[in-house]
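A structural walkthrough
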Amino acid sequence: MQKYINLFNKIKLLDEIATQIGYYGVQCGNEKLMDYIDMNCGGIPDGEFGQIVDPAAPEQFLSMYVNVAEMRFAFAVTELLKMNPAFMNALEEFCTRTGRDMHLPAVTELEAAFETADNFVLDGMPGVETKKIVQKDDGAIVWEVVLDTHEATWSKAGGDLKIYYRLVACFVTGLLESSGVKMCVLDDGRFSLERF
């Protein structure tokens, strides 16, 4: 059950980030943005795991909520950038700050940093392999995507998947700042955690 609770926490975090971005868009002049997101993506009910997930069918509920949270994030980001592409700077700063504001204790090993990032970034259902580590040494861990769980969502939102990964890199870099580790987007679905 713990793996489902962990997934639920990732869903709620991404949904909260999407909501903050949506409200930023409203403040910047798109008064209907939150209505547009709600209409196109649905919503996740308020409440704790035990209140909104049926313990008899957790995967069914969580799978639906994963989709909703991913859609809300993709639509919020894409619509904000349609308003003004210059909002990318604000989005990157917001995602970095959101990670930093978790105030995680420093970790010394890159493998521990990788696990920490994995504990916070929503990337498919439990037990589904989405990435594979292809290089590991004292200075960096490099992985590649073996199953992209985000592409369909970003395509539906009319957005750019590269923007998703840029924002995730900002979030993870903020998350691991106290550890002196940053996430880098490489090429062809490859990413790294490196010391800075």
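Keep in mind that what you see is a predicted model, and the values were worked out from it rather than measured.

Within the secondary structure, glutamate 92 is located in helix H5 (residues 87-100). Setting aside chain neighbours within four positions, we find glutamate 92 in contact with Arg166, Leu167 and Cys170.

Peptide bonds are trans in most cases, and residues, glycine excluded, mostly fall at negative phi. For histidine 103, which is not glycine, the phi torsion reads 50° and is therefore positive. Of note, histidine 103 is situated in the loop between H5 and helix H6 (110-120). In this structure, aspartate 188 takes a positive phi of about 50° despite not being glycine. Within the secondary structure, aspartate 188 sits in the loop between strand E3 (181-185) and strand E4 (190-195). Aspartate 188 sits in the exposed class, given a relative accessible area of 74%.

To continue, consider the pairing of strand E1 (residues 131-136). The sheet contact formed by E1 and strand E2 (residues 140-145) spans five bridges and is antiparallel. Bridge pairing links lysine 136 to isoleucine 141 in E2. Connecting the antiparallel pair E1 and E2 is a turn made up of three residues.

Further remarks concern the pattern of salt bridges. Note on pairing: side chains with opposite charge can pair once their charged atoms come close. In the structure shown here, the tally under the stated rule is ten salt bridges. Between arginine 72 and aspartate 15 there is a salt bridge whose closest N-O contact spans 3.0 Å. A residue pair is termed long-range when its members are at least 10 positions apart, and arginine 72 in helix H4 (residues 58-83) and aspartate 15 in helix H1 (residues 2-27) qualify at 57 residues. Given the relative accessible area of 12%, aspartate 15 is considered buried. With a shortest N-O distance of 3.1 Å, lysine 82 and glutamate 79 are connected by a salt bridge. Of this pair, lysine 82 and glutamate 79 both sit in helix H4, three residues apart, which is roughly one turn of the helix. On the accessibility criterion, glutamate 79 (12% relative accessible area) is buried.

Moving on, we get to a nonpolar patch on the surface. Together, Val128, Val146 and Leu147 line one region of the surface with nonpolar side chains, adding up to about 230 Å² of accessible area. Examined against the element boundaries, valine 128 turns out to sit in the loop between H6 and E1. Judged by relative accessible area, which is 37%, valine 128 ranks as partly exposed.

Right, let's get into the environment of tyrosine 4. Within the element layout of this structure, tyrosine 4 appears in helix H1. Sequence spacing of tyrosine 4 and glutamate 194 is 190 residues, and the spatial spacing of their C-alpha atoms is 29 Å. The contact partners of tyrosine 4, leaving out residues within four places of it in the chain, are Phe49, Pro58, Glu59, Leu62 and Pro126. A distance of 2.9 Å separates the side chain of tyrosine 4 from the side chain of glutamate 59, its partner in a polar contact.

What follows deals with the sheet that holds E3. The sheet built from four strands is open, its strands ordered E1-E2-E4-E3 with antiparallel pairing. The sheet is open, and its two borders are formed by E1 and E3, each paired with just one other strand. On average, adjacent strands in this sheet sit at an angle of 25° to one another, irrespective of strand direction. Bridging between E2 and E4 involves five bridges; their strand directions are antiparallel. Of the residues in E4, the one forming a bridge with tryptophan 143 is phenylalanine 191. Sheet strands touched by H6: E1, E2, E3 and E4. Its angle to E2, the strand with the most contacts, is close to 40°. Sheet strands touched by helix H8 (residues 161-175): E2, E3 and E4. Its angle to E3, the strand with the most contacts, is close to 175°.

Conventions used here
- As a convention, each chain's residues are numbered from 1 in the sequence order in which they are written.
- Totals for whole chains, interfaces and linings use all residues, but because this is a predicted model, local features are given only for residues with pLDDT of at least 70 and pairs of side-chain atoms are given and counted only at 80 or more.
- Side-chain measures were taken over the full set of non-hydrogen atoms in the model, leaving aside hydrogen atoms and water.
- Helix numbering and strand numbering both begin at the N terminus, where a helix is a DSSP run of H or I of at least 4 residues and a strand a DSSP run of E of at least 2.
- Contacts are assigned to residue pairs with any non-hydrogen atoms lying within 4.5 Å of each other.
- Categorising residues by exposure relies on relative accessible area from a 1.4 Å probe, with only protein chains included: less than 20% of the type maximum marks a residue as buried, more than 50% marks it as exposed, and the intermediate range marks it as partly exposed.
- Between any two strands, at least two bridges found by DSSP are needed for them to pair.
- Salt bridges, as used here, are contacts in which a Lys or Arg side-chain nitrogen is within 4 Å of a carboxyl oxygen on Asp or Glu.
- Surface patches are defined over residues having more than 30% relative accessible area and no salt bridge, joining like charges when they lie within 9 Å and nonpolar side chains (Val, Leu, Ile, Met, Phe, Trp, Tyr) when within 5 Å.
- A 1.4 Å probe and the Shrake-Rupley method give the accessible areas. Residues count as covered only by the protein chains that appear here.
- The definition of a polar contact used here is a pair of N or O atoms within 3.5 Å, where within protein one atom must be able to donate a hydrogen and the other to accept one, and adjacent residues in sequence count solely through side-chain atom pairs.
- An axis is simply a line fitted to the C-alpha atoms; with a helix, the fit covers only the stretch in contact. Between two such axes, the angle follows the N-to-C directions and lies from 0 to 180 degrees.

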